[in-house]
Amino acid sequence: MTIEKNNAVKCLGLCKVFSQGELAVHALSDVDINISAGEFACLSGSSGSGKTTLLNMIGGLDVATSGEITVADKRLDKMTMSELADLRLHHIGFVFQAYNLIPVLSARENVEFVMQLQGLEAGQRRQQAMEILEQVGLTGMEDRRPAELSGGQQQRVAVARAIVSKPALILADEPTANLDSANSDKLMTLMRELNASKGTTFIISTHDEGVMKFAKRLVRLHDGRIVKDEMIED
Amino acid sequence: MSAGTQLSWRVILRLAWRNLWRNHRRSLIMLSAIALGVCGMIWMTALMRGMVDQMIDNSIKTLSGHIQIHAPGYLDDPSVEHLIPPISKSLALQGLLDSEDVVAWSQRIRVPAVIRSEREVYAVTLVGIDPAREQGLSFIGESITDGDYISSVDDKRLLVGRKLLERLETKLNRRVVLMSQDPENNIAERGFRIGGIFDTDPQATETSYIFAGLETVRKMLNMGTGVSEVSLLGHDYRKLDALKNKTQSAAMENADVKTWAEQDPYMGTMLNVMDGFILIWFTIIFLALSFGLVNTLLMAVFERTREIGLVQALGMKSSNILLMVLVESIIMLIIGLVAGNILTWLTILPVQDGIDISGVAEGLEWAGMSSTLLPALLVKDVLLANAVVLVLGILASLFPAWRASRKVPIEAITRVWQ
């Protein structure tokens, strides 16, 4: 398989085996996938199909048992912990299903956190955070801590934090799992708009049909293998 | 350092501060433990210092001064045979004693003697003094509780300790007879009227010494102008090396010049080991304290495993996570130390004039202690206690902080609370 120049993510022969005592669980088996810059891809599949594992490995949060992962033209298996942290900080935005926010920081401070790690000036951080919170419909809730926000509001803060520093790649693991359908649609619309306007690459794991309808590419996994990979017409 | 490699101190401080108060009850318990630990360290040190200072002070004030000059052989045989020339015969020594290096000085005749009342006889040390010069140098000028202090070197009255007076079964203004040896080894004898009674700590001093005017004793012993000793006070009993060297140079060539610590090796050693002992004492208290500190921090890290995984996923480096936990610990230590110091100050202030230990003082008299214990709060001890807690506290925090920074992000994020 050749590496295309505009590849955002390339996985080659990716395997992940978890050991549970003497039992070896193959979470991913020989996964090959290229995701180009600007794609809006959904990884779907039932629980245990390997979509979250694949997402975690693309984000450099987990290490493959074998195979290669290349993100932003960098081989993750060749990078140190510190270099992986830098890659995540400057190129990747994360939205997790739960436990997304730092409880001791307000919504605005959570959104500003990544920009603080990036070393942005306070004024610039604040302005961008306020703008993005307005975009996700959280104006007036900037100073609330996560415990004072609903599940949907917390998830929107997490999305705001993921997109505020305009990363090239956003990895979202079941981002709408705790949202009602209206909020889920709003969030997905926001992500699609960002994808269209900024060319940000999205890889979203989901088993929600409502989310899949937003996908431009649908990758279906089953028992750790890609069983279907299709481009979706608008 | 490149962007992203360093989180600003402001953010780290904010995170650490807020994390500290997430479980405020646990933090308050830990802060109380640190505060009480530091308070205990400083208090115990102040009492130990006060005790040793008092013992040394009593020893110095009893008669030794900071430095003494004797004739060779006097310390082995403290008789009238071993005398040094009077100060007036040595210009160099006179110059030193009148200099700013010396706070007070006096010359004395000190010989073994026997005192006899109408009913009892006791062996004592007879000390011939210049009463004016003893003021501020030894205890005798400030300890007369009945009768009068002697007025001059020619005063023919005797100063006797209260305890000795009781043993002699005599009273103020009664006559006693003193016997000693003169330089020709003849018995020298003289009658004295008891002119003053002194009370002092330890009580052994009251039974050991009696005082009379220097010239009166000289005449009684048919002596020339020599004296048994010259005693002098410098500015600091801990720093006497330079003054001792100067005294040695100014005194006659083979004079026996000794500091109080050399004359009383037990006290000198006690002072020397005190600093080391205090450091060991601080470390032992801290070791007990550190279990609580490490446990608190480990619990805090354990509870935040997922959160630590999250910030790692967002791009926070291990070094910043380590720093965040360390700063949290340092904040806790500093607050605990401030509270501990305030608590110490508030509790030590009401007893700054001394703690009455008369109930046990008699048992401790052998060590030269008084019935009132003055806590000695030294700045260096307070600083040492704070430094020990801070430095060892940071060292103890390194393990939880290191544990937090070494977590694999995905393991931390997916960790299930058990």
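Being a predicted model, the structure only gives us computed values, none of them experimental.

Scoring rules and cut-offs
- All residue numbers refer to position in the chain's written sequence, counted from 1.
- Key to labels: chains lettered from A, ligands numbered from 1, both in the order written.
- Thresholds applied to this predicted model are a pLDDT of at least 70 for local features of residues and 80 or more for the giving and counting of side-chain atom pairs; totals over whole chains, interfaces and linings are not thresholded and use all residues.
- Starting at the N terminus, helices and strands are each numbered in turn, a helix being any DSSP run of H or I of at least four residues and a strand any DSSP run of E of at least two.
- Any residue surrounded by 20 or more other C-beta atoms within 10 Å of its C-beta is treated as buried, while 12 or fewer makes it exposed and the intermediate range makes it partly exposed; C-beta atoms here are placed from the backbone.
- By the convention adopted here, residues are in contact when the distance between their C-beta atoms, placed from the backbone, does not exceed 7 Å.
- Note on scores: pLDDT gives the predictor's confidence for each residue, bounded by 0 and 100.
- Gly is put with the polar residues, along with every residue not named as nonpolar or charged; the nonpolar set is Ala, Val, Leu, Ile, Met, Phe, Trp, Tyr, Cys and Pro, and the charged set is Asp, Glu, Lys and Arg.
- Here a strand pair is declared whenever DSSP counts at least two bridges between the two strands.
- Helix span, expected: 1.5 Å multiplied by one less than the number of residues in the helix.
- Read the arc as the range of directions from the helix axis to the C-beta atoms.
- To obtain an axis, a line is fitted to C-alpha atoms, over the contacting stretch when the element is a helix, and the angle between two such axes runs from 0 to 180 degrees between their N-to-C directions.
- Orientation is classified from the angle alone, with under 35 degrees giving roughly parallel, over 145 giving roughly antiparallel, 65 to 115 giving roughly perpendicular, and any other angle giving oblique.

Caption draft 1: Representation of the overall build of chain B. If you tally the helices and strands in chain B, you get 15 helices and 12 strands. Scored against the burial criterion, the 418 residues of chain B give a buried share of 43%. Counting only contacts in chain B whose residues sit at least 6 apart along the sequence, the fraction spanning at least 24 positions is 81%.

Caption draft 2: Highlighting the overall build of chain A. A count of helical and extended segments in chain A gives seven helices and 10 strands. A total of 234 residues make up chain A; the buried ones form 46% of that total. Taking contacts inside chain A between residues at least 6 apart in sequence as the whole, the part at least 24 apart equals 68%.

Caption draft 3: The arrangement of the confidence of the model for chain B in detail. Residues and elements named next belong to chain B. On average, residues of chain B score 85 in pLDDT, and 94% of them reach the 70 mark or higher. Within the model, the stretch residues 1-5 combines pLDDT values under 50 with 11 contacts to residues more than four positions away or in other chains. Here the predicted complex scores 0.69 on pTM and 0.85 on ipTM.

Caption draft 4: Up close: the interface of chain A and chain B. Taken together, the contact pairs 22 residues of chain A with 23 residues of chain B. Top element by residues in the side of chain A that touches chain B is helix H2 (residues 81-91) of chain A. It accounts for seven residues. Among the residues making up the side of chain A that touches chain B, the classes are represented as 12 nonpolar, seven polar and three charged.

Caption draft 5: Examining the pairing of strand E7 (residues 169-173) of chain A more closely. Residue and element names in this part refer to chain A. Counting buried residues in E7 gives five out of five residues, a clear majority hidden from the surface. Because side chains alternate across E7, one face comprises the buried residues Leu-169, Leu-171 and Asp-173, and the other comprises Ile-170 and Ala-172, equally buried. Relative to E7, strand E6 (residues 92-95) is paired through four bridges, and the arrangement is parallel. Its bridge partner lying in E7, Phe-94 is registered against Leu-171. Relative to strand E8 (residues 201-206), E7 is paired through five bridges, and the arrangement is parallel.

Caption draft 6: Inspection of helix H4 (residues 122-135) of chain A at higher detail. All names here are of chain A. For H4, which comprises 14 residues, the first-to-last C-alpha distance of 20 Å matches the rise-based estimate of 20 Å (1.5 Å per residue) to within 8%. Restricting attention to buried positions, one finds in H4 the residues Arg-125, Ala-129, Ile-132 and Leu-133. The arc that holds every buried residue of H4, seen down its axis, measures 100 degrees, which confines them to one face. Turned more than 90 degrees away from the buried face of H4, the exposed residues are Gly-123, Gln-124, Gln-127 and Glu-131. Structurally, H4 contributes buried residues whose contacts are with helix H3 (107-118) and helix H5 (151-164). Two residues or fewer after H4 comes Gly-137, characterised by a positive phi angle close to 75 degrees.

Caption draft 7: Looking closely at the environment of Ala104(B). All names here are of chain B. You can see Ala-104 is positioned in strand E2 (residues 104-116). Separated by 29 residues in sequence, Ala-104 and Arg-133 place their C-alpha atoms 7.3 Å apart. Those residues in contact with Ala-104 that lie beyond four places of it in its chain are Gly-136, Leu-137, Leu-232 and Leu-233.

Caption draft 8: Structural view of the sheet that holds E8(A). Residues and elements named next belong to chain A. Read from one edge to the other, the open sheet built from six strands follows the order E6-E7-E8-E3-E9-E10, with strand pairing classed as mixed. Where the open sheet ends on each side, the last strands, each with one partner, are E6 and strand E10 (225-231). For this sheet the average axis-to-axis angle between neighbouring strands, irrespective of direction, equals 15 degrees. On top of the sheet, helix H1 (residues 51-58) reaches strand E3 (40-44), E7, E8 and strand E9 (217-222); it is set at about 150 degrees to E8, its chief contact.

Caption draft 9: Seen up close, unusual backbone geometry. Residues and elements named next belong to chain A. Positive phi outside glycine occurs at Ala-72, with the angle close to 55 degrees. Tracing the chain through its elements places Ala-72 in the loop between strand E4 (66-71) and strand E5 (74-75). Its identity is not glycine, yet Lys-166 carries a phi of approximately 50 degrees, on the positive side. When you line up the elements, Lys-166 lands in the loop between H5 and E7. You can call Lys-166 partly exposed: it has 13 C-beta atoms within 10 Å.

Caption draft 10: Fine view of the sheet that holds E4(A). Residue and element names in this part refer to chain A. Read from one edge of the open sheet, four strands run E2-E1-E4-E5, paired in antiparallel fashion. Edge positions in the open sheet fall to strand E2 (23-36) and E5, since each of these has one partner strand only. In this sheet, E5 lies alongside E4 in antiparallel orientation, the contact comprising two bridges. Paired with Val-71 across the bridge in E5 is Lys-74.

Caption draft 11: Spotlight on the packing of helix H2 (residues 24-64) of chain B against helix H10 (residues 265-303) of chain B. Residues and elements named next belong to chain B. Contact geometry of H2 with H10 gives a least axis separation of 10 Å together with a crossing angle of 170 degrees. It follows from the interaxial angle that H2 and H10 lie roughly antiparallel. Its residues assigned to classes, the contact of H2 with H10 shows 18 nonpolar, six polar and one charged.

Caption draft 12: Spatial organisation of the pairing of E4(A). Residue and element names in this part refer to chain A. In terms of strand pairing, strand E1 (residues 7-20) meets E4 through five bridges, oriented antiparallel. Paired with Cys-15 across the two strands is Ser-66, which belongs to E4. Taking the residues that link successive antiparallel strands as the turn, the E4-E5 hairpin has two residues, and the phi of Ala-72 there is positive, at about 55 degrees.

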